[in-house]
Each structure stands twice: as C-alpha cells, then as structure tokens.
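Report on the structure
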Amino acid sequence: MEIIDAIILGIVQGLTEFLPVSSSGHLELGKAILGDNSVPKESLLFTVVLHFATALSTIVIFRQDIIQIIKGILKFEWNEDLQFLMKIAISMLPAVVVGLFFEDQLEQLFGGNIMLVGFMLIVTAILLFLADRAKDTDKSVSYSNAFVIGISQAIAMLPGISRSGATISTSVLLGNDKTKAARFSFLMVVPLIFGKIAKDVLSGEITYESTNFTTLSIGFVAAFIAGLFACKWMIALVKQSKLTYFAIYCIVVGLIAIIWSFAS
C-alpha cells in the first residue's frame, strides 16, 4: 500500500465513522476506485488499526463523560451512570448476535458489491431526512429505546448503512433529545469496536509479515485526527438539525455507486 493510499483511507475512515455517510460503504467504494490490489494482505490489519484510531478519538472527545461513568460505577449504587452503562450493554446485544452467528454471511457482502452499497446509502439518506424533521425534546434514552437503537446498529453492519446515521436517526425518531442521541450513539459503539479488534487479533488471521508499519502509522494518525474533527462536527450538526445535507450527499454517492456497478 502506498502512503497516499493509507492517508486517503485513514481520512475516509475517520470522517465516515462519525459522519452519517457509512464508513464501511465508503471504504468499499475507496477500494473499488483505488483497485483491489491497493489493499493487499495487510487489509485486515489496516482495518483494525483504523478502527482503533476512531475508537480512540471517541474516547478523547467523550473523556469527561467516560470518567464520570467510571466514577459512578465505582460508587456501587444503582445510579444514573450505572443505568447508562446498562443501556449501552443492552444496545450491544443485537450487534453481538449478528457478529457471532452471521459473520460469514455478512462478510460475503463486503466483496465489492457496489450496487448494494449504493442502495444502502439511499436508505441512510431517507433516515437522515426523517431525523432532521423530528421535533427536539429533552427525553433521555430508555432501556427499550436502547434495544431498538441496538437493532439499528446491527442493521448498520451492512455496507452503505451509516452506523451513526442509523442509530442517531432511530434515537431521534423515538423522541429522544438530539444531543443525548448523538452522545449515546458514539459511546455505544466503543465497546463493540474494541471487542471486534480483540476478536480479529485473537483469530490468528492477521498477518504481520512484510507489513509496512510506517504506512500503518500514517493511516492511524490520519484516521485519529479526522475522527476528532468529525465527532465534534457531527454533534453540532445533529443539534442544529443539519443532517439533510448529508442525506443529499448519500443519495448522490448512492446513485453514482449504482451507475458505476452497471457500467463496470
């Protein structure tokens, strides 16, 4: 992999992990544009590194929230912090089930299926349009809400469905406060990312031979910096109800992907 490819893919991952445009879908499109050979044997390792970078950027942005939650848990009381953690755990269940029992079927959808990515980006656009028109409230995410949002997160494992777009839109459409919806959406994915990283590392499928660690490092830094920027930006956009712009973007990119798939 060339350094420029690592920078591009790192920035794409960092931005699209938080912005509602589907990181997995864009990585599939990026690989198709750059050519399958641009992401060789180190593909899985590179993907793990990029996901770790975006998870770390989330922790940095929400470090005060995370510290507060940890302090609350250590009080060993059924307080708001422990309840929030339980909601996070509930939201993880659907994705864990899909990851454990349908991983092989899911991976088959990531073989350059550009048409699927295109249609799923359009689905993401519809969700964003609906969310932008929802009334803002001061309601917090409930236990039942957490499970429904978790289902959205599991569905977002499809390439082209934005995880942040699906979970935030679902939360807002359930009547939750937009800022709280964004906070819950970003924090709920951190345990899953680290769980997926641990699973990939322990699987033995990652190869380190002939790995260019300079390229990996550059990709990591690019994804981390882009992630910091995108996370802050997304929180502001959700609060200001400006997701329609991303909906339009998803429709345009989705249509281009569909046309590309027919032309290729």
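Residues numbered from 1 in each chain as written. Predicted model: local features only at pLDDT ≥ 70, side-chain atom pairs only at ≥ 80, totals over all residues. Heavy atoms only, no water.

1. Looking at the overall build of the protein
Along the protein, the regular secondary structure elements total 12 helices and zero strands. For the protein, the succession of helices and strands along the chain, N to C, is α-α-α-α-α-α-α-α-α-α-α-α. For a compact globule of 264 residues, the expected C-alpha radius of gyration is about 18 Å, and the protein comes in at 18 Å, within 12% of that figure. Principal axes of the C-alpha set define a box for the protein whose edges measure 50 × 40 × 35 Å. Taking the intrachain contacts of the protein between residues at least 6 apart in sequence as the baseline, contacts between residues at least 24 apart amount to 85%. Taken as a whole, the protein presents about 13100 Å² of accessible surface, with 69% of it coming from carbon and sulfur. (Helix = DSSP H or I, 4+ residues; strand = E, 2+ residues; numbered from the N terminus. Rg over C-alpha atoms; globule rule 2.2 N^0.38 Å. Contact = heavy atoms within 4.5 Å. Areas by Shrake-Rupley, 256 points an atom, 1.4 Å probe, with all protein chains shown as cover.)

2. Some details on the side chain of Q13
In this fold, Q13 is placed in helix α1 (residues 3-18). On the accessibility criterion, Q13 (1% relative accessible area) is buried. For Q13, the contacting residues outside a window of four places in its chain are S23, L27, L50, H51 and T54. (Buried < 20%, exposed > 50% of the residue type's maximum accessible area, 1.4 Å probe, protein only.)

3. Details of the environment of I73
Tracing the backbone through its elements, the reader meets I73 in helix α4 (residues 63-73). Remark: the alpha-carbon pair of I73 and F84, spanning 11 residues in sequence, is separated by 10.0 Å. In contact with I73, other than residues within four places in its own chain, are L82 and L85.

4. What to know about the packing of helix α5 (residues 80-101) against helix α8 (residues 143-155)
Contact geometry for α5 and α8: axes closest at 8 Å, N-to-C directions at 35 degrees. Relative to α8, the crossing made by α5 is right-handed. Contacts between α5 and α8 involve Q83, M86, K87, I90, S91, P94, A95 and V98 from the first element and Y143, A146, F147, G150, I151, Q153 and A154 from the second. Its residues placed into classes, the contact of α5 with α8 shows 10 nonpolar, four polar and one charged. (Axes fitted to C-alpha atoms, helices over the stretch in contact; angles between N-to-C directions. Left-handed = near helix turned anticlockwise from the far one by under 90°. Nonpolar A, V, L, I, M, F, W, Y, C, P; charged D, E, K, R; others polar.)

5. Describing the packing of aromatic side chains
For the structure on display, the rule yields eight aromatic pairs. Centroid distance F18 to F186: 5.3 Å. Interplanar angle 75 degrees. Geometry classified as edge-to-face. Here the residue F18 occupies a position in helix α1, and F186 occupies one in helix α10 (residues 178-203), the gap between them amounting to 168 residues. An aromatic cluster is built from F52, F194, F220 and F224, whose rings are joined through pairwise contacts. The positively charged end of K87 is found above the aromatic ring belonging to Y143, 5.3 Å away from the centroid. Here the basic side chain of R183 rests over the ring of F84, its NZ or CZ set 4.5 Å away from the ring centre. (Phe/Tyr/Trp six-rings, centres within 6.5 Å; stacked < 30°, edge-to-face > 60°. Lys NZ or Arg CZ within 6 Å of the ring centre and 35° of its normal.)

6. Description of the confidence of the model for the protein
The predicted coordinates of low-pLDDT regions are not to be read in fine detail. On average, residues of the protein carry a pLDDT of 87, and 93% of them reach 70 or more. Of all secondary-structure elements in the protein, the lowest mean pLDDT belongs to helix α2 (residues 23-34), at 75, while α8 reaches the highest, 96. Low pLDDT, under 50, characterises residues 38-42; the predicted model gives this stretch 11 contacts beyond four residues in sequence or across chains. (pLDDT = per-residue confidence, 0-100.)

7. Looking at the nonpolar core
A general tendency of soluble globular proteins is for nonpolar side chains to be buried together. L29, I88, I168, F184, F186 and M234 are the most contacted members of the largest nonpolar core, which has 41 residues in total. Broken down by element, this core gets its largest block of residues, seven residues, from α10. Apart from residues lying up to four places away in sequence, F186 is in contact with F18, T58, F62, R163, S164, I168, C231, M234 and I235. Residues A6, L9, L50 and L216 belong to the second largest nonpolar core, which totals 11 residues. (Core = buried A, V, L, I, M, F, W, Y, C linked by side-chain atoms within 4.5 Å.)

8. Describing the state of the cysteines
Counted under the stated rule, the structure contains zero disulfides. In this model C231 remains outside any disulfide bridge; the closest cysteine sulfur is found in C250, 18 Å from its own. Assessed through its relative accessible area of 0%, C231 is described here as buried. Assessed through its relative accessible area of 1%, C250 is described here as buried. (Disulfide = S-S within 2.5 Å.)

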